[in-house]
Amino acid sequence: MRSDRQLFKYMLSLIEKLKQVKDFRKDKGKRHPLWIVLVVIILGTMLGYSGYRELGEFAKNNRHRLSKEFNIIPERVPSYSTIRRVMMGVDWQSLLKMFNEWALEEYGQRDDINWLGMDGKSLKNTLKNPNNEQQNFIMFVSLFSQESGLVLHLKRIENKKGSEIDEGQAIIEDCSLQNKVFTGDALHCQKKTISLIAKTKNDYVITVKGNQKNLYQRIQDLSNSSKPESCFLEQDNSHGRKISRKIEVFKVRKNERQGFENLRRVIKVERRGSRGDKTYEETAYYISSLTESAQVFAKIIRGHWKIENQLHWVKDVIFEEDKSEISDFQAASNWSILTTIGLNLFRGLGFLSITEGQRWLAERWEKLIVLST
């Protein structure tokens, strides 16, 4: 059940954090504290407005409601040019630091924060020089909760200056979480990544592919020559597809870990099915420090891909990140961080569907900023 008390709690902590973001503007001629402009942007994006002009129109059309809550003259609500200047001028590093602190403090201790997926998403609007080797773009690596749909931590990469592997490792070190399960695709099947997860007292379920040839061959041999200690079969007949999955779990002895710390189980997943008129068959392998049943592993593995439709798809389609015409690296980075804040506010209130959350919020959005008066 959604409550105004929850909304009050989340916004109180957020506003206190936003007030700590460094203001790049000079005091002369400044009409609004930076945090007020940022709250207006967050509110506008949550209600479905995207782009400088749309947000400017949102502020203009709701100037009397905004002025009442912020105690400012209606004619002086943040304008299109103010919003644009703030988005291009705020230091993304300061805003990112604020988000990470707020997300962990506000949501990190929730009971439904257990299985955490790591994955990167590029900002297509920032892609430069797409037809040559010098192409560059911004990417964000997210730490995403399978159960709650919340984002707990973010790292930003400029394609020519960093890698998703390094930032994934930085997330593990920086997020200060323990007794969680980290999940990732084959890109994160790295000995250093696995070691950091173990060092921080967490567990892992990671995909294995050809980028780890020796390990991949070894677990193939193990699954073909050993009897599974657990097996689980499941069917999925939805969204125009029919899929059967067979999940088998194999025990790994200590001398077979090949340098992957705390490796205890190998999971083999055989998928057979059809999408429309096309049939397919594939086998995937995973390694884990857990000793769970095949049924539990099936849920964790399937849940990892929620990051695609509950985070990446939502940001691309609902928040129109892919359609954005904001190509400036600083502004696009800030935009992505602020939309993630909006997403977390919805998910913190229990809205898995963002469009449902937008309908709920449309009737009570003033309560998001009542704390400012």
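Residues numbered from 1 in each chain as written. Predicted model: local features only at pLDDT ≥ 70, side-chain atom pairs only at ≥ 80, totals over all residues. Heavy atoms only, no water.

Engineer: Break down the environment of Val296 for me, citing the residues and quoting the values.
Structural biologist: Counting through the fold element by element, Val296 comes out in helix α10 (residues 294-304). Through-space distance from the C-alpha of Val296 to that of Asp185 is 18 Å; in sequence the pair is 111 residues apart. (Helix = DSSP H or I, 4+ residues; strand = E, 2+ residues; numbered from the N terminus.)

Engineer: Please set out the state of the cysteines residue by residue, giving values where relevant.
Structural biologist: Enumeration over the complete set of coordinates arrives at zero disulfides. Free of any disulfide, Cys175 has its nearest neighbouring cysteine sulfur in Cys189, separated by 19 Å. (Disulfide = S-S within 2.5 Å.)

Engineer: Can you lay out the nonpolar core for me, pointing to particular residues and giving the numbers?
Structural biologist: The biggest cluster of nonpolar side chains holds 95 residues, and the ones touching the most others in it are Leu14, Leu143, Ile287, Ile341 and Leu345. A total of 11 residues in this core trace back to one element, the largest contributor, which is helix α2 (residues 34-46). Ignoring anything within four residues of it in the chain, the contact list for Leu345 reads Tyr10, Met11, Leu14, Ile42, Met46, Trp102 and Tyr107. If you look at the next biggest cluster of nonpolar residues, it comprises 15 residues, including Ile247, Val249, Ala284 and Ile300. (Core = buried A, V, L, I, M, F, W, Y, C linked by side-chain atoms within 4.5 Å. Buried < 20%, exposed > 50% of the residue type's maximum accessible area, 1.4 Å probe, protein only. Contact = heavy atoms within 4.5 Å.)

Engineer: Hey, could you go over the pattern of salt bridges for me, with residue numbers and the actual values?
Structural biologist: Under the criterion given, the structure shown has 21 salt bridges. The salt bridge involving Lys17 is made with Glu105; its shortest N-O contact spans 3.2 Å. Here the residue Lys17 occupies a position in helix α1 (residues 4-18), and Glu105 occupies one in helix α6 (residues 92-107), the gap between them amounting to 88 residues. On the accessibility criterion, Glu105 (57% relative accessible area) is exposed. Overlapping salt bridges, with partners in common, bring together Lys17, Lys97, Glu101 and Glu105 in one network. (Salt bridge = Lys/Arg side-chain N within 4 Å of Asp/Glu carboxyl O.)

Engineer: Before we move on, could you go through helix α9 (residues 213-225) and cite the residues and values that matter?
Structural biologist: Spanning 13 residues, α9 covers 18 Å between terminal C-alpha atoms, matching the ideal 18 Å at 1.5 Å per step. Structurally, α9 contributes buried residues whose contacts are with β5 (203-208), β7 (241-251), β8 (265-275) and β9 (278-288). (Expected span 1.5 Å × (residues − 1).)

Engineer: Account for the packing of α6 against helix α12 (residues 329-348), naming residues and giving values.
Structural biologist: At their nearest, the axes of α6 and α12 sit 9 Å apart, and the two run at 15° to each other. Taken together, α6 and α12 sit at an angle that is classed as roughly parallel. The two elements α6 and α12 meet at a crossing, and its hand is left-handed. Between α6 and α12, the contacting residues are Trp92, Leu95, Leu96, Met98, Phe99, Trp102, Ala103 and Tyr107 on the first element and Gln330, Ser333, Asn334, Ile337, Leu338, Thr340, Ile341, Asn344, Leu345 and Gly348 on the second. Across the contact of α6 with α12, the residue classes break down as 12 nonpolar, six polar and no charged. (Axes fitted to C-alpha atoms, helices over the stretch in contact; angles between N-to-C directions. Parallel < 35°, antiparallel > 145°, perpendicular 65-115°, else oblique. Left-handed = near helix turned anticlockwise from the far one by under 90°. Nonpolar A, V, L, I, M, F, W, Y, C, P; charged D, E, K, R; others polar.)

Engineer: Can you tell me about helix α13 (residues 354-362), naming the residues and giving the values?
Structural biologist: The set of residues buried in α13 consists of Ile354, Gly357, Gln358, Trp360 and Leu361. One side of α13 holds all its buried residues, which, seen down the axis, span an arc of 165°. (Arc of directions from axis to C-beta.)

Engineer: Tell me about the packing of aromatic side chains, residues and numbers included.
Structural biologist: For the structure on display, the rule yields seven aromatic pairs. Geometrically, the ring pair formed by Tyr216 and Tyr285 is edge-to-face, given 5.5 Å between the ring centres and 90° between the ring planes. Here the residue Tyr216 occupies a position in helix α9, and Tyr285 occupies one in strand β9, the gap between them amounting to 69 residues. Under the relative-accessibility criterion, Tyr216 is labelled partly exposed at 23%. Pairing Phe346 with Phe351 gives two aromatic rings, centres 6.3 Å apart and planes at 90°, and the pair type is edge-to-face. (Phe/Tyr/Trp six-rings, centres within 6.5 Å; stacked < 30°, edge-to-face > 60°.)

Engineer: Please set out the side chain of Asn62 residue by residue, giving values where relevant.
Structural biologist: For Asn62, the location among the structural elements is in the loop between α3 (52-61) and α4 (63-70). Engagement of the side chain of Asn62 in a polar contact is seen with the backbone oxygen of Phe58, the distance being 2.9 Å. (Polar contact = N/O pair within 3.5 Å; in protein donor to acceptor, adjacent residues only side chain to side chain.)

Engineer: So, the environment of Arg84: which residues are in play, and what are the values?
Structural biologist: Mapped onto the elements, Arg84 comes out in helix α5 (residues 80-89). What makes Arg84 partly exposed here is its relative accessible area of 37%. Put simply, Arg84 and Phe232 are 148 residues apart on the chain and 53 Å apart in space, counted from C-alpha to C-alpha.

Engineer: Tell me about the side chain of Thr340, and please be specific about residues and values.
Structural biologist: You can see Thr340 is positioned in helix α12. Assessed through its relative accessible area of 1%, Thr340 is described here as buried. For Thr340, the side chain forms a polar contact with the main-chain oxygen of Ser336, separated by 2.7 Å.

Engineer: Could you give me a rundown of the pairing of β7, with the residues and numbers involved?
Structural biologist: Two faces, one strand: in a regular strand the side chains alternate between the faces of the sheet. Note: strand β6 (residues 230-238) against β7, nine bridges, orientation antiparallel. Along β7, the bridge assignment pairs Ser230 with Val249. Pairing geometry for β7 and β8, over 11 bridges, is antiparallel. Bridge assignment links Glu248 to a residue of β8, and that residue is Lys268. (Pairing = 2+ DSSP bridges.)

Engineer: If you had to explain unusual backbone geometry to someone new, which residues and values would you point to?
Structural biologist: Residues other than glycine predominantly adopt negative phi, and peptide bonds predominantly adopt the trans conformation. Although it is not a glycine, Asn179 sits at a positive phi angle of roughly 60°. When you line up the elements, Asn179 lands in the loop between α7 (164-174) and β4 (181-184). On the basis of relative accessible area, Asn179 is assigned to the exposed category, the value being 63%. Of note in the backbone geometry, Gln258 takes a positive phi value of approximately 55° without being a glycine. Assignment of secondary structure puts Gln258 in the loop between β7 and β8.

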